[in-house]
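The primary structure of each chain is shown beneath.
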Amino acid sequence: MFKVEGWDIKTDKVAFSDSKKEKKAKNKKEKRTKSKKFENRDGADITDVADVQDAEARDVQDVEARNAYVDKRKVEYDKKEETNSKKRKVSKDKEEAPQPTIAQSQVAKKLTPLQQKMMAKLTGSRFRWINEQLYTISSKDALQLVKDQPQLFDEYHDGFRSQVQSWPENPVDVFVDQVRLRAKKPVNAPGGLPGLKDRKIVIADMGCGEAQLALDVNTFFKKYNKKAKKSHQRNWEVHSFDLKQANERITVADIRNVPLPDNSCTIVIFCLALMGTNFLDFIEEAYRILAPRGELWIAEIKSRFADGKGDEFVNTLKLMGFFHKKTDDENKMFTRFEFFKPPAEIIEERKAKLERRQKFIEVETEKEELEKKRSKIAEGEWLLKPCIYKRR
């Protein structure tokens, strides 16, 4: 092959490649020289303005991302801590809660049909025993009995509740319906509810049990007043008395002596509550707290009356000063009575009438004989028989 000066076939390819690299490096160096020098936070020289701006942008983005991450982690931590706090509180409450006894644990287990039958018999037997005690002792002794053994009150009313379920109707419901019906008429008007001088209706439920009557009557009057015009609204109050305060509606008292002023009530109710051997003391207390023309409502089991109708019972309450309004014996299980306390003018009229008929002395003699009989034999043994269930 021929040779040309200045050109070597073997070496020129490499020379050309080296020349290209040198040229590129030279241009880059010139560019850096023309640029103004900058110094970053670490002291390194940055010769390109664009590089500085990129670095600053990256720093800002890193700070924002870091702050966002910290905020996110803080929220997660707070939620987790709140959950853990609730778990710790529940755990502490469980530790502090009283543990059930072995007997309670056994009761909680599912009983077989035979066990359920045996349990029902035991519960029924317990109820009958408590019922017999309340009917055959004085109200004073009954109050002391329940104070000493408060669970007796609850056991009795558990059993009583079971008994009521088999009845065609509950006398408490009958009395509540009576209030509802008569409330539609003006207070103190014929057929309306009796009220005080300011037309306030005040009910005393003696031996109230769990104060169901107060609950139902209060609910009724609240609804009634919402719908009625202001001039037709009713002003009312219900007092409930029994041997134990099963709820906030009840005042503990021996119902022969309740904490109410004379002539302060317009209706007094005994719903299957004439239980003590001294139940006529309850009637005397009703007379004391009733205002003139106030009404006495009584419901009692028919089997307690020797004559089946309660005529002797009515006559006894007449001797104690009440006037008889009505006897309702349509129910198969209990008889309902309504009496009222006469005002002074009616008492004087009746006294004059008896004197004209020469019966005043006779009536006074009957009152004396009643008191003599009560002093010898408690009325719970002859006037109203105790309601005692047959022993099984």
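Residues numbered from 1 in each chain as written. Predicted model: local features only at pLDDT ≥ 70, side-chain atom pairs only at ≥ 80, totals over all residues. Heavy atoms only, no water.

1. Focus on the overall build of the protein
A tally of helices and strands in the protein yields 12 helices and nine strands. Per-residue burial over the protein gives 34% buried out of 392 residues. Counted over contacts in the protein with a minimum sequence separation of 6, partners at least 24 positions apart contribute 70%. Surface summary for the protein: the accessible area is close to 26700 Å², and the carbon and sulfur share equals 52%. (Helix = DSSP H or I, 4+ residues; strand = E, 2+ residues; numbered from the N terminus. Buried < 20%, exposed > 50% of the residue type's maximum accessible area, 1.4 Å probe, protein only. Contact = heavy atoms within 4.5 Å. Areas by Shrake-Rupley, 256 points an atom, 1.4 Å probe, with all protein chains shown as cover.)

2. So, helix α5 (residues 139–148)
Along α5, the positions that sit buried rather than exposed are Ser 139, Ala 142, Leu 143, Leu 145 and Val 146. Projection of α5 onto a plane perpendicular to its axis shows the buried side chains occupying an angular sector of 160 degrees, all on one side. Opposite its buried face, α5 presents the exposed residues Lys 140, Lys 147 and Asp 148, each directed more than 90 degrees away. (Arc of directions from axis to C-beta.)

3. Things to note about the pairing of strand β7 (residues 290–301)
Most of β7 sits out of view: 10 of its 12 residues are buried. Note: strand β6 (residues 265–271) against β7, six bridges, orientation parallel. Bridge pairing links Ile 269 to Trp 297 in β7. For the crossover from β6 across helix α9 (residues 279–289) to β7, the handedness is right-handed. Here β7 pairs with strand β9 (residues 334–340) via seven bridges, running antiparallel. From the neighbouring strand, Ala 299 faces β9, where its bridge partner is Arg 336. (Pairing = 2+ DSSP bridges. Right-handed = clockwise from strand over helix to strand, strands pointing away.)

4. Concerning the UniProt feature "coiled-coil region" (unreviewed entry) in the protein
In this structure's numbering, the residues bearing the UniProt feature "coiled-coil region" (unreviewed entry) are residues 344–371. As annotated, residues 344–371 has a helix share of 89% and a strand share of 0%, and its two end C-alpha atoms lie 23 Å apart. (UniProt positions renumbered as here; feature names shortened; annotations may be inferred.)

5. Focus on the pattern of salt bridges
In this structure the tally under the stated criterion is 21 salt bridges. Residues Arg 304 and Glu 300 are paired through a salt bridge, measuring 3.2 Å at the closest nitrogen-oxygen approach. On the basis of relative accessibility, which here comes to 2%, the residue Arg 304 falls in the buried class. One salt-bridge network, held together by shared partners, links Asp 281, Glu 284, Glu 371, Arg 374 and Glu 379. (Salt bridge = Lys/Arg side-chain N within 4 Å of Asp/Glu carboxyl O.)

6. Brief notes about the packing of α9 against helix α12 (residues 360–376)
The geometry of α9 relative to α12 is characterised by a closest axis approach of 11 Å and an angle of 135 degrees between their N-to-C directions. Taken together, α9 and α12 sit at an angle that is classed as oblique. When α9 is examined against α12, the residues Leu 280, Asp 281 and Glu 284 are found in contact with a partner set consisting of Leu 370, Glu 371 and Arg 374. Residues of the contact of α9 with α12, tallied by class, amount to two nonpolar, no polar and four charged. (Axes fitted to C-alpha atoms, helices over the stretch in contact; angles between N-to-C directions. Parallel < 35°, antiparallel > 145°, perpendicular 65-115°, else oblique. Nonpolar A, V, L, I, M, F, W, Y, C, P; charged D, E, K, R; others polar.)

7. Quick notes on unusual backbone geometry
Positioned with a positive phi, Asn 263 is a non-glycine residue whose angle comes to about 55 degrees. Within the secondary structure layout, Asn 263 lies in the loop between β5 (250–252) and β6. Overall, Asn 263 belongs to the partly exposed group, its relative accessible area being 39%. Within the chain, Arg 293 stands out as a residue other than glycine whose phi angle is a positive 75 degrees. Looking at the secondary structure, you find Arg 293 in strand β7.

8. Looking at the sheet that holds strand β4 (residues 236–242)
Taken in spatial order, the seven strands line up as β5-β4-β3-β6-β7-β9-β8 in an open sheet, and their pairing is mixed. Every interior strand has two partners, whereas the edge strands, β5 and β8 (323–328), have only one. The sheet shows a mean angle of 20 degrees between the axes of neighbouring strands, direction not considered. In this sheet, β4 lies alongside strand β3 (residues 201–206) in parallel orientation, the contact comprising six bridges. Opposite Val 202, over in β4, you have Glu 237 as the bridge partner. Docked against the sheet, helix α7 (residues 171–182) engages β3, β6, β7, β8 and β9, running at close to 145 degrees with respect to β7.

9. Points about the side chain of Asn 170
With respect to the helices, strands and loops of the structure, Asn 170 is situated in the loop between α6 (151–164) and α7. Taking the relative accessible area as the measure of exposure, Asn 170 reaches 18% and is therefore buried. A polar side-chain atom of Asn 170 sits 3.1 Å from the main-chain amide nitrogen of Val 172. Residues in contact with Asn 170, not counting those within four places in the same chain, are Val 164 and Phe 334. (Polar contact = N/O pair within 3.5 Å; in protein donor to acceptor, adjacent residues only side chain to side chain.)

10. Things to note about a positive patch on the surface
A cluster of like positive charges, contributed by Lys 222, Lys 223, Lys 226 and Lys 227, occupies part of the molecular surface. Structurally, the position occupied by Lys 223 is in helix α8 (residues 212–227). (Patch = residues over 30% accessible without salt bridge, like charges linked within 9 Å, V, L, I, M, F, W, Y side chains within 5 Å. Lys, Arg positive; Asp, Glu negative; His and termini not counted. Charge placed at Lys NZ, Arg CZ, Asp CG, Glu CD.)

11. With respect to the environment of Cys 265
Within the secondary structure, Cys 265 sits in strand β6. Sequence spacing of Cys 265 and Ala 291 is 26 residues, and the spatial spacing of their C-alpha atoms is 5.7 Å. With residues up to four places along the chain from it excluded, the contact list for Cys 265 reads Val 202, Ala 204, Leu 260, Ile 289, Leu 290 and Ala 291.

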